[in-house]
Amino acid sequence: MKSNRRTPLWAAALIGLVSGAMAVGVSLLVAGVVKASAFPVIAVGNAAVDLTPAGLKDWAIRAFGENDKNVLLLGIFVVVAALAAGLGILALREIRYGLAGLAAFGVIGIIAVLTRPGAGVVDVIPTLAGVGAAMFTLHRLTNRAFVPRPSASSHPASGSPISNQSPSGSPVPSPASSGSSFSAETAERQDAPVPPIMRAGNDLRSFDRRGLLTGVLGGAVVAGVAGAAGQMLSGRAAVSAARVDLTLPRPAVPMAPLPAGVDFKIKGLSPFVTPNNDFYRVDTALIVPQVDPRNWTLKIHGLVDRPVELTFADLMKRSIEEADVTLCCVSNEVGGPYIGNARWLGVRMADLLRDAGIQKNADMLLNTSADGWTSGTPINIVLDGRDSMLAFGMNGEALPVDHGFPVRQVVPGLYGYVSATKWVTEIKVSRFDQEEAYWTSRGWSAKGPIKTESRIDLPHDGDSLPAGRTVIAGVAWAQHKGVDAVEVRVDQGPWRQARLAEAPTADTWRQWVIDDWDAVRGSHTIQVRATDATGYTQTEALADVVPDGATGWHTITVEVA
């Protein structure tokens, strides 16, 4: 059936947009019932993330920070909206073209869904339902945009027969027979109504603005309600409630309170303990996995003598420990923000692995999250006595959902891409020469030890400062080695030893300060470097984050007036 070519373009685009919204809303609703990861928009987004070159991902993190996923999702929805509007305009010329376009999008969605880890045939149902709803909406709204007009033998205003003769008695061509020669302008000159529109089937119809807008409103409401219901069914409410209701167990040996000297309490200096809301988040999850602890299980298998499967209740019954550990992302540039320190509560990974009986030839843990992301952790690091744990508590409260609730990994001394799997559900004991994790398969180093680094928090790069005594302060880290010294220099002058705050363990960062720099007028360059407990002083040589973390001295420039 052909659509009306004389329909306004805005109306055709609106039909397409509402049809696209219906596809998104219905597919989200059905995904809430089937499986949240089967939502085709997210599947396409995750596929895009997987296919994006590592350099482009690094640029996105640098450009947008923790909002990189939001920007990607926004971009996907903008593209979907533009294409949906285009399909509406295409359907203006031929409804079959619009339906074929929707079917093509369905194929793309199905392919994306089926390429996700653990996907099955049932996961295509949300895509099929969404495309079906969009096709129905497109067809329905296109038909609704037109209404039948009275036949050519009836006058639309008075109901009296339309004369086929002019006042002079000569015949007047009817709209249906005269084709394009009868225009609205001609009709107005003859004081006659604008002719109705010929559609397929030789029925006369005209554009019905009111009918279209009421149909569009109804479709938008249905799409919105479906989407909201899908969000609720995806488990967000249930998981949030489960997190709030969780009572954390007490550790077998509680840690002593933090020494008073761990934090200088200087305004603008990163606090020793990073608040949960301020803790950095870098991961590949476009939509944060919603994992109900009542349904969570952890499977430990592979090169083990006794495979293990634990429920959350089983985990909570084991010996509990707490530890202060600083985590750092490998994407953190020199002086970057992707690092934070917290007190974690959980179960030692070493105990669980020994219970499973690790075989001698194993050297890697291939860890998998609820959304299919993987990391590879060196086994010897987990077993060397450090506080490697499966954590479910963070800074005195249940682990935030954004940071891995109900359970995540915390391994001191390794960048997060090989050690800090969130929403962890599986640990496969394996070998580095047999398996690759998500980022190592994309060119990153396999083992990822954190490098000794330091950062200037005060003043900020580009600040304008008053002359006189000025504070220079920041943090330094060398996880599982410890920071022994921090030095600062101004304008290539001599290095000065900074005063260090206390550090309860070698697995946390350490504050440092110089509080008596006499700033004089002019432009000044400030640099910092740290030395760890092994005697290694961080290198001046600049290196990019790829493949195993950035190096170099953090350098800032300030203006003193």
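Scoring rules and cut-offs
Residues numbered from 1 in each chain as written. Predicted model: local features only at pLDDT ≥ 70, side-chain atom pairs only at ≥ 80, totals over all residues. Heavy atoms only, no water. pLDDT = per-residue confidence, 0-100. Contact = heavy atoms within 4.5 Å. Axes fitted to C-alpha atoms, helices over the stretch in contact; angles between N-to-C directions. Helix = DSSP H or I, 4+ residues; strand = E, 2+ residues; numbered from the N terminus. Parallel < 35°, antiparallel > 145°, perpendicular 65-115°, else oblique. Left-handed = near helix turned anticlockwise from the far one by under 90°. Phe/Tyr/Trp six-rings, centres within 6.5 Å; stacked < 30°, edge-to-face > 60°. Buried < 20%, exposed > 50% of the residue type's maximum accessible area, 1.4 Å probe, protein only. Lys NZ or Arg CZ within 6 Å of the ring centre and 35° of its normal. Polar contact = N/O pair within 3.5 Å; in protein donor to acceptor, adjacent residues only side chain to side chain. Disulfide = S-S within 2.5 Å. Expected span 1.5 Å × (residues − 1). Arc of directions from axis to C-beta. Pairing = 2+ DSSP bridges. 1 Å grid on protein atoms, 1.4 Å probe; cavity = no way out; pocket = protein on both sides within 12 Å on 5 of 7 lines; lining within 4 Å. Points joined across faces, edges and corners; volume = space filled by probe spheres on them. Patch = residues over 30% accessible without salt bridge, like charges linked within 9 Å, V, L, I, M, F, W, Y side chains within 5 Å. Areas by Shrake-Rupley, 256 points an atom, 1.4 Å probe, with all protein chains shown as cover. Salt bridge = Lys/Arg side-chain N within 4 Å of Asp/Glu carboxyl O. Nonpolar A, V, L, I, M, F, W, Y, C, P; charged D, E, K, R; others polar.

Caption draft 1: Summary view of the confidence of the model for the protein. Here the protein shows a mean pLDDT of 86. Residues at 70 or above account for 87%. Contacts of residues 1–5 to residues separated by more than four positions or lying in other chains number 21 contacts, the stretch itself having pLDDT below 50. Taken together, the stretch residues 152–202 has pLDDT below 50 and engages in 55 contacts with residues farther than four places along the chain or on a different chain.

Caption draft 2: A look at the packing of helix α5 (residues 95–114) against helix α6 (residues 125–144). Where α5 contacts α6, the axes come no closer than 9 Å and their chain directions differ by 165°. As far as their axial angle goes, α6 and α5 are roughly antiparallel. Here the hand of the crossing between α5 and α6 comes out right-handed. Two secondary-structure elements touch here, α5 through Ile 95, Gly 98, Leu 99, Leu 102, Ala 103, Gly 106, Gly 109, Ile 110 and Val 113 and α6 through Thr 127, Leu 128, Val 131, Ala 134, Met 135, Leu 138, His 139 and Thr 142.

Caption draft 3: Representation of the packing of aromatic side chains. Under the counting rule described, the total for this entry stands at ten aromatic pairs. When the centroid spacing of 6.0 Å and the interplanar angle of 75° are considered together, the rings of Phe 312 and Phe 392 count as edge-to-face. Placement of Phe 312 in helix α11 (residues 312–316) and of Phe 392 in strand β10 (residues 389–394) is noted, with a sequence separation of 80 residues between them. Across the pair, exposure class does not vary: Phe 312 and Phe 392 are buried alike. The structure contains a cluster of three or more aromatic residues connected by ring pairs, namely Trp 373, Tyr 417, Tyr 438, Trp 439 and Trp 444. Directly above the aromatic system of Tyr 438 lies the positively charged group of Arg 442, at a separation of 3.8 Å from the ring centroid. Over the ring of Trp 495 we find Arg 529; its NZ or CZ atom is 4.1 Å from the centre of that ring.

Caption draft 4: Representation of the side chain of Thr 440. Structurally, the position occupied by Thr 440 is in the loop between β13 (424–430) and β14 (453–458). Assessed through its relative accessible area of 15%, Thr 440 is described here as buried. At 2.9 Å, the side chain of Thr 440 and the backbone nitrogen of Ala 437 are in polar contact. With sequence-adjacent residues up to four places away left out, Thr 440 is seen in contact with Tyr 417, Ser 445 and Ala 446.

Caption draft 5: Here's a closer look at the state of the cysteines. Under the definition given, this model contains zero disulfides. No disulfide involves Cys 328; its nearest neighbouring cysteine sulfur is the one of Cys 329, lying 6.9 Å away. Look at Cys 328 and you get buried, because its relative accessible area is 3%.

Caption draft 6: Just α5, in detail. Taking 1.5 Å of rise per residue, 20 residues should cover 28 Å, and α5 covers 29 Å from first to last C-alpha, within 8% of that figure. Among the residues of α5, Ile 95, Gly 98, Gly 101, Leu 102, Gly 106, Gly 109, Ala 112 and Val 113 are the ones counted as buried. Across the axial projection of α5, the buried residues extend over an arc of 145°, all falling on one side.

Caption draft 7: Looking closely at the sheet that holds strand β17 (residues 483–490). Strand order in the open sheet made by the five strands is β15-β22-β21-β17-β18, with mixed pairing throughout. Sheet topology places β15 (464–465) and β18 (496–497) at the edges, where each strand pairs with a single neighbour. Across two bridges, β15 lies against strand β22 (residues 554–560) in parallel orientation. Each bridged residue has a counterpart across the sheet, and for Leu 465 the counterpart in β22 is Val 560.

Caption draft 8: Spotlight on the layout of surface pockets. Put simply, the largest pocket is a space of about 1,000 Å³. Residue lining of the largest pocket: 40 residues in total, with Lys 35, Ala 36, Ser 37, Ala 370 and Asp 371 positioned closest to the centre. Of all the secondary-structure elements, those providing two or more residues to the lining of the largest pocket are α1 (9–34), α2 (40–51), α4 (68–93) and α9 (209–233). Estimated volume of the second largest pocket: approximately 750 Å³. Forming the walls of the second largest pocket are 38 residues, and the residues nearest its centre are Asp 68, Val 282, Asp 283, Thr 284 and Trp 439.

Caption draft 9: Geometry of the side chain of Arg 386. Mapped onto the elements, Arg 386 comes out in the loop between α13 (379–382) and β10. A distance of 2.7 Å separates a polar side-chain atom of Arg 386 from the backbone oxygen of Pro 412. Beyond its immediate stretch of four places on either side in the chain, Arg 386 contacts Arg 348, Ile 381, Pro 412, Gly 413 and His 480.

Caption draft 10: Up close: a nonpolar patch on the surface. Among the surface-exposed residues, Val 44, Val 79, Leu 83, Phe 105 and Ile 108 lie close enough to one another that they form a single nonpolar patch of about 390 Å² accessible area. Put simply, the parts of the chain that give the nonpolar patch at least two residues each are α4 and α5. Checked against the element boundaries, Val 79 lands in helix α4. Residue Val 79 is classed as partly exposed on the basis of its relative accessible area of 46%.

Caption draft 11: Representation of the pairing of strand β8 (residues 364–369). Taking burial as the measure, the six residues of β8 include six buried ones, the bulk of the element. The side-chain alternation of β8 yields two buried faces, one formed by Met 364, Leu 366 and Thr 368 and the other by Leu 365, Asn 367 and Ser 369. Sheet topology places β8 next to strand β9 (residues 374–378); five bridges connect them, and they run antiparallel. Along β9, the bridge assignment pairs Asn 367 with Ser 375. Here β8 folds back onto β9, and the loop between the two strands holds four residues, one of which, Gly 372, carries a positive phi near 95°. In this sheet, β13 lies alongside β8 in antiparallel orientation, the contact comprising six bridges. Within β13, the position partnered with Leu 366 by the bridge is Lys 428.

Caption draft 12: Structural context of empty space enclosed by the protein. Tallying each qualifying case throughout the model produces two cavities of 30 Å³ or more. Its boundaries defined by the atoms lining it, the second largest cavity holds a volume of some 60 Å³. Contributing to the lining of the second largest cavity are Cys 328, Asn 332, Glu 333, Val 334, Gly 335, Tyr 415, Glu 453, Ser 454, Trp 477 and Ala 550. Taken together, the residues of the lining of the second largest cavity sort by class into five nonpolar, three polar and two charged.

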